[in-house]
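# Remarks on the overall topology
Single-letter residue listing:
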Amino acid sequence: EEQRKYLMGKAKQPAVTTDGKEILVSANISRPTDMEKAVEYGCHGVGLYRTEFLFMESAQLPDEEKQVAAYRSVAQQAGGNLCVIRTLDIGADKQIDYFNLPHEENPAMGYRAIRICLDRTEIFKTQLRAIYRASYYGTIAIMFPMIISVNEVKKIKEIIAEVKAGLDADGIPYKDVELGIMIETPAAVMISDLLAKEVDFFSIGTNDLTQYTLAIDRQNPKLDNIYDSHHEAVLRMLKMVVDNGHKEGCWVGICGELGADETLTETFLRMGFDELSVSPSMILRIRDKIRNTDLSVK
Ligand code: PEP
Ligand code: MG
């Protein structure tokens, strides 16, 4: 209770190290109602809005209006700070009955996330149209999950061009939004220099990146003892992504659980990350950790 009071007392202070380096701490949310706590704890906008929850909590596909209302609500509650909306990331551990996804032997490596969106493009276009419509009411960015190739990003951009043309034709206003991708496959890490030329930002999904790099199912409790989230392979990948992103002018964040690991906050600051996106319950602690870090001491 004492710690909670201490942290709440500092909720409005910026997340700056004692030697003056600022890093944005934003919120991972699953629904608009998560924003209340996130804002109370001083989040700098939203680093990951997992929109699949809107789809998982509906009995049928949420229509465009329902989606606009949800995305707009998040953007407005963020009060002008950036809100990164991630497009539908279903499949694998997130199943939705009305999608009738086929049974797969190996769903984590199967028909999921952007692969579904680039196949069922009508669903994807409706979501993009809703996000663009909501962009008018705040500062929105769009992020795509499970990217493995430059070609996927190019296809996404073609679809976005179609969606924008449709909005123009209908006279519906929208803003230009930043486009980013999740780096959560080893393939995306290894070609992050090429991907960086295509997008405005990277956000590293360490949950999936760790599972694919270590070949350890993130859902299998039997493997918990060897699931090493501090594995040198993962840490080297993080540094590589920051450097490749920055070379092309992208900002780079972490939105996987590792971003909330206080034992690594200083390491992330030294690597040069621009943003850490964490669950609302961790915002105050990570911000305090940053304020108590001094990067001038080696
Ligand atoms: C991740 O993989 O780290 C991530 C943030 O996405 P999700 O946990 O929703 O798969
Ligand atoms: Mg993921």
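Here, the structure is the one placed above.
Source: prediction; values computed, not measured.

### Some details on the overall build of the chain
Helix and strand content of the chain: 13 helices and eight strands. Against the globule reference of 19 Å for 298 residues, the chain gives a C-alpha radius of gyration of 19 Å, in line with a compact fold. Dimensions of the chain along its principal axes, counting C-alpha atoms only, are 55 × 40 × 40 Å. Counting every position in the chain, which comprises 298 residues, the buried fraction comes to 53%.

### Some details on the pairing of strand 8 (residues 275-278)
Successive residues of a regular strand alternate their side chains across the two faces of the sheet. Burial along strand 8 is two-sided: the residues Glu275 and Ser277 and Leu276 and Val278 are all buried. Two strands pair when backbone bridges link them, and strand 1 (residues 24-29) and strand 8 are joined in this way by four bridges, in the parallel orientation. Within the sheet, the bridge partner assigned to Ala27 lies in strand 8 and is Val278. Relative to strand 8, strand 7 (residues 251-254) runs parallel, the two being bridged by two bridges. Pairing of Gly253 across the sheet is with Glu275, part of strand 8.

### Digging into the layout of surface pockets
Of the pockets and cavities examined, the largest pocket occupies roughly 150 Å³. Lining the largest pocket are Ala92, Asp93, Glu105, Asn106, Pro107, Ala108, Arg112, Asp208, Gln211, Asp217, Arg218 and Gln219. Residue composition of the lining of the largest pocket, grouped by class: three nonpolar, three polar and six charged.

### Here's the deal with the nonpolar core
Within the largest apolar cluster, 85 residues are counted, with the highest numbers of intra-cluster contacts made by Tyr71, Phe144 and Phe273. Among residues more than four places away in sequence, those in contact with Phe273 are Lys21, Ile23, Ile204, Leu238, Val242, Val252, Gly253, Ile254 and Phe268. Membership of the second largest hydrophobic core comes to eight residues, among which are Leu48, Val84, Ala141 and Met143.

### Points about the packing of aromatic side chains
Taken as a whole, this structure holds seven aromatic pairs when the rule is applied. Aromatic side chains Tyr136 and Tyr137 sit 5.3 Å apart centroid to centroid with 90° between the ring planes, which places their arrangement in the edge-to-face category. Residue Tyr136 is classed as partly exposed on the basis of its relative accessible area, which comes to 44%. Pairing Phe201 with Trp251 gives two aromatic rings, centres 4.5 Å apart and planes at 5°, and the pair type is stacked. Residue Phe201 is located in strand 6 (residues 201-204), and its partner Trp251 is located in strand 7; the two are separated by 50 residues in the primary sequence. On the basis of relative accessible area, Phe201 is assigned to the buried category, the value being 0%.

Analysis parameters
- Residues numbered from 1 in each chain as written.
- Chains lettered and ligands numbered in written order.
- Predicted model: local features only at pLDDT ≥ 70, side-chain atom pairs only at ≥ 80, totals over all residues.
- Heavy atoms only, no water.
- Helix = DSSP H or I, 4+ residues; strand = E, 2+ residues; numbered from the N terminus.
- Rg over C-alpha atoms; globule rule 2.2 N^0.38 Å.
- Buried < 20%, exposed > 50% of the residue type's maximum accessible area, 1.4 Å probe, protein only.
- Pairing = 2+ DSSP bridges.
- 1 Å grid on protein atoms, 1.4 Å probe; cavity = no way out; pocket = protein on both sides within 12 Å on 5 of 7 lines; lining within 4 Å.
- Points joined across faces, edges and corners; volume = space filled by probe spheres on them.
- Nonpolar A, V, L, I, M, F, W, Y, C, P; charged D, E, K, R; others polar.
- Core = buried A, V, L, I, M, F, W, Y, C linked by side-chain atoms within 4.5 Å.
- Contact = heavy atoms within 4.5 Å.
- Phe/Tyr/Trp six-rings, centres within 6.5 Å; stacked < 30°, edge-to-face > 60°.

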